[in-house]
Amino acid sequence: MPTFDPSSQSSYPATAVTHVAFDVDVDFDEKIISGTATASVKVQSQSSTLVLDTRDLHIERVQLDGADLTFSIGETHPVMGAPLVIELDKQMEKDSSFDVVITYRTSPSSSAVQWLRPEQTAGGKHPYLFTQCQAIHARSLFPCQDTPGAKMTYSAKVTAPNPLTALMSAIPIGEPADAGDGKSSFEFKQDVPIPPYLLALAVGNVEAVEIGPRSKVWSEPEMVQAGAFEFSETEDFLKAAEQVAGPYVWGRYDLLLLPPSFPYGGMENPCLTFVTPTLLAGDRSQAHVVAHEIAHSWSGNLVTNKTWEHFWLNEGFTVFIERKIMNKMYGKSVFDFNAIGGLMELKETVARLGTNHPHTVLKPELAGGVDPDDVFSKVPYEKGFAFLVYLEHMTRGDGDGPERADAANGTPEFAEFLIEHFQRHQYATVESDDFKAAYTARFPEASAQVDWDAWLTKPGMPPVDIGQYYDGGSSEASAELARKWHLCDVLGMGGEGTRPEGASAGDIKDFSSMQVDHFLLSLIEYRGGSHALSVNVVKSLDELYKLSEFKNSEIRCKWLQLRLAAGDAGAFEPARDMLRSQGRMKFLRPLYRSLSKSKAEGGKKFAEETFAGARNMYHPIAEKMVAADLGM
Ligand SMILES: CC/C=C\C/C=C\C[C@@H](O)/C=C/C=C/C=C\[C@@H](O)CCCC(=O)O
Ligand SMILES: [Zn+2]
């Protein structure tokens, strides 16, 4: 049966779940979450069934007004899971509403939940759990209409073993209460309607430090002060974001600094952003990730992509707002530096996938049960960002000439249009045609010059050379140094100690960690042209710049990729160290790929052995994606 969303089998929008009240218990021994979810349903067209998405859930009973309802679990789809079909006891009329109480429990294999043993946490004494529901994993946490359009408010009572604390993507209500049997209960409410993928839960031995009038950092005691330092700019980011996008509607903006297995840099769970400890660079150089997650408070959380095919409206807008925040905080040079780096990452992604790969299309097709996790890449982020930069530039009214480009500060007209976009679609969803129609109505001359079809539906790099709109000044030093090393390498000035004329440790003495990162990204870009650095050049780079001593995760990952591509077998063990010490896919996947394809003998076997030993440390999503990359 055709559904509203190719990634959901639910009965939305005919019957729409508008609120869920949870009363659940967390059992670390059994690795299950069990209890009731009371779903308030609005009938939007006459119906006699309510269909919810599930995956690996055990449904015990479904009640309406205290009476049991008949229900069945449909055939399990390998990606979408199994539909829970609830037979309502009568034909429900349009505009009527009802509540159903669903008694259920999750499975230890729930793809949304990672259960951590004490040894996988910083403190090493208590278990920990956290959830990751984006894109379609909420259905393994609770029966739901797991599509971004099915926005719902929620309340929750969560019972967990002492001395652990439960946190959710919501506002905590009151203080923890004794629940007996060595457990406490925690209550929450989320009064802003959210898509199911933004429901989040974490339970662990955590404490909090205030970092602003509406923000605190939660973490295990061992990391909480480091988190407070690293994310101390949060309130400034929030204020800058409100200037760019409009009022912040969520009340709190707290951060939860998770154990290292968290599979992403950050996840924009409302009221409580989840972040990885790989952001703890000690110099706030990764704080743009927090700016990104804050930006999601508007793009993605207030206004949500209607289906995952329009994910660029979440992520492209979020990167755009993130970089506008950085411009307000640090100026045009930082905007342009980050934009240039993002364009290089897009080039690297397109080169890796292939310029005609369907996953390089900004608005890909997910029909037929394609798993959104399989389509995830930098494309919706950086091609989406580039598109918005271009669309803003075109509002200058002088065609697309770069001579008057100022992507960082843009135009007042587009800035106003951006705020209007969030007001127009707030608490609801948006799809690409909606956005195109609004832009065309507001900027008809500009829109007439935009090749919308090429941008939205064609694979490969953007149809416009967007790099010409950025000022490369701030990245010139690191780009020029990379060019020198690349030319030295490709011009065959090989032999022991290969290095450019006059190269010295002083070359990067004054570089920020972002510039060192950009230097390595530039060398990778050269490598992307099917040229790996020679192992002699790699050894010279390390001798002069001590690159293997950097602790910054972005630098470590890129430097290991370059060493592995050069066939430096000495990189195997450091790569294994990084693969065993964190579970962020941004680092796992390229490192496992680089190991597996290394010129050095035995890379594939080393990668497979490392993964075999580390896979149970990773979140289920990360484990699945790396296993697919390695063909295991
Ligand atoms: C065009 C792609 C269509 C659908 C993809 C939708 C969701 C993909 C799913 O895998 C969830 C992704 C969640 C990402 C969360 C945070 C990222 O912004 C982090 C980016 C990488 C990093 O910094 O670790
Ligand atoms: Zn994002």
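Since the model is a prediction, treat every value here as computed from it, not as a measurement. (Residues numbered from 1 in each chain as written. Chains lettered and ligands numbered in written order. Predicted model: local features only at pLDDT ≥ 70, side-chain atom pairs only at ≥ 80, totals over all residues. Heavy atoms only, no water.)

### Some thoughts on the nonpolar core
Part 1 of the argument: Judged by nonpolar contacts, the single largest core of 180 residues is most densely connected at Phe22, Leu256, Phe274, Phe387, Tyr470 and Tyr592.
Part 2 of the argument: With ten residues, the top contributor of residues to this core is helix 7 (residues 379-394).
Part 3 of the argument: Counting contributing residues per domain, this core is built from domain 1 (310-470) and domain 2 (484-489 + 514-629), each supplying no fewer than three.
Part 4 of the argument: Residues in contact with Leu256, not counting those within four places in the same chain, are Tyr128, Leu167, Ala202, Val206, Trp218, Ser219, Leu272, Thr273, Phe274 and Val275.
Part 5 of the argument: Formed by 22 residues, the second largest nonpolar core is a distinct cluster that contains Ala482, Trp485, Val538 and Tyr545. (Core = buried A, V, L, I, M, F, W, Y, C linked by side-chain atoms within 4.5 Å. Buried < 20%, exposed > 50% of the residue type's maximum accessible area, 1.4 Å probe, protein only. Helix = DSSP H or I, 4+ residues; strand = E, 2+ residues; numbered from the N terminus. Domains from an automatic or database assignment. Contact = heavy atoms within 4.5 Å.)

### Description of the coordination of the zinc ion (ligand 2)
Part 1 of the argument: Here the zinc ion (ligand 2) is held by the protein donor atoms His292 (NE2), His296 (NE2), Glu315 (OE) and Glu315 (OE), which lie 2.0 to 2.7 Å from it.
Part 2 of the argument: Classification of the site at the zinc ion (ligand 2) rests on its four donor atoms, whose angles at the metal span 54 to 152°, yielding the label irregular.
Part 3 of the argument: Along the chain, the residues donating to the zinc ion (ligand 2) fall in the pattern H-x3-H-x18-E. Placement of His292 in helix 3 (residues 288-295) and of Glu315 in helix 4 (residues 311-330) is noted, with a sequence separation of 23 residues between them. With respect to burial, His292 and Glu315 carry one shared label: buried. (Donors = N, O, S within 2.8 Å, 3.2 Å for Na, K, Ca; no water. Tetrahedral: all angles 85-135°; square planar, octahedral: opposite > 155°, others 65-115°.)

### Some words on the sheet that holds strand 18 (residues 254-257)
Part 1 of the argument: Sheet architecture is open: five strands sit in the order 16-17-18-20-19, paired in mixed fashion. Edge positions in the sheet fall to strand 16 (207-212) and strand 19 (266-267), since each has one partner strand and no second. (Pairing = 2+ DSSP bridges.)

### Remarks on the UniProt feature "active site" (unreviewed entry) in the chain
Part 1 of the argument: The sites that carry the UniProt feature "active site" (unreviewed entry) are, in the present numbering, Glu293 and Tyr381. A stretch of 89 residues holds the annotated residues, and the largest C-alpha distance among them is 12.8 Å, short enough that they meet in one place.
Part 2 of the argument: Within the element layout of this structure, Glu293 appears in helix 3.
Part 3 of the argument: Among the residues examined, Glu293 registers a relative accessible area of 4% and is labelled buried.
Part 4 of the argument: Among residues more than four places away in sequence, those in contact with Glu293 are Tyr253, Gly266, Met267, Glu268 and Thr273.
Part 5 of the argument: When you line up the elements, Tyr381 lands in helix 7.
Part 6 of the argument: Relative accessible area serves as the criterion here: at 14%, Tyr381 is assigned to the buried category.
Part 7 of the argument: Discounting residues that sit within four places of it in the chain, Tyr381 has contacts with His292, Phe311, Glu315, Gly316, Val319 and Phe376. (UniProt positions renumbered as here; feature names shortened; annotations may be inferred.)

### Examining the site of ligand 1
Part 1 of the argument: Near ligand 1, the surroundings consist of 18 residues, among which Gly265, Gly266, Asp373, Tyr381 and Arg584 are the closest.
Part 2 of the argument: Gly265 is positioned such that a nitrogen or oxygen atom in its backbone is 2.6 Å from an oxygen atom of ligand 1.
Part 3 of the argument: Taking Tyr381, its side chain carries an N or O atom lying 2.8 Å from an oxygen atom of ligand 1.
Part 4 of the argument: Coverage of ligand 1 by the protein amounts to 94% of the 640 Å² it exposes when considered alone.
Part 5 of the argument: Contributions of two or more residues to the shell around ligand 1 are made by strand 19, helix 6 (372-375) and helix 7.
Part 6 of the argument: For the shell around ligand 1, the leading source of residues is helix 6, giving three residues.
Part 7 of the argument: Residues belonging to the shell around ligand 1 are distributed by class as follows: eleven nonpolar, four polar and three charged. (Near = heavy atom within 4 Å. Polar contact = N/O pair within 3.5 Å; in protein donor to acceptor, adjacent residues only side chain to side chain. Areas by Shrake-Rupley, 256 points an atom, 1.4 Å probe, with all protein chains shown as cover. Nonpolar A, V, L, I, M, F, W, Y, C, P; charged D, E, K, R; others polar.)

### Focus: helix 9 (residues 432-442)
Part 1 of the argument: Ser432, Phe435, Ala438 and Tyr439 are the residues of helix 9 that are buried. Along the axis of helix 9, the buried residues cluster in a sector spanning 130°; they form a single face. In helix 9, the exposed residues that point more than 90 degrees away from the buried face are Asp433 and Ala441.
Part 2 of the argument: Residues of helix 9 that are buried make contact with helix 4, helix 7, helix 8 (412-425), strand 22 (428-430), helix 10 (444-448) and helix 11 (452-457). (Arc of directions from axis to C-beta.)

### Considerations on helix 15 (residues 553-565)
Part 1 of the argument: The end-to-end C-alpha separation of helix 15 is 18 Å, in line with the 18 Å expected for 13 residues at 1.5 Å each.
Part 2 of the argument: By the criterion of burial, helix 15 is predominantly enclosed, with twelve of the 13 residues buried.
Part 3 of the argument: Those residues of helix 15 that sit buried are Ser553, Glu554, Ile555, Cys557, Lys558, Trp559, Leu560, Gln561, Leu562, Arg563, Leu564 and Ala565.
Part 4 of the argument: With a side-chain oxygen lying 2.9 Å from the backbone nitrogen of Glu554, the N-terminal cap of helix 15 falls on Asn552.
Part 5 of the argument: Looking one or two places after helix 15, you find Gly567, whose phi comes out positive at around 85°. (Expected span 1.5 Å × (residues − 1).)

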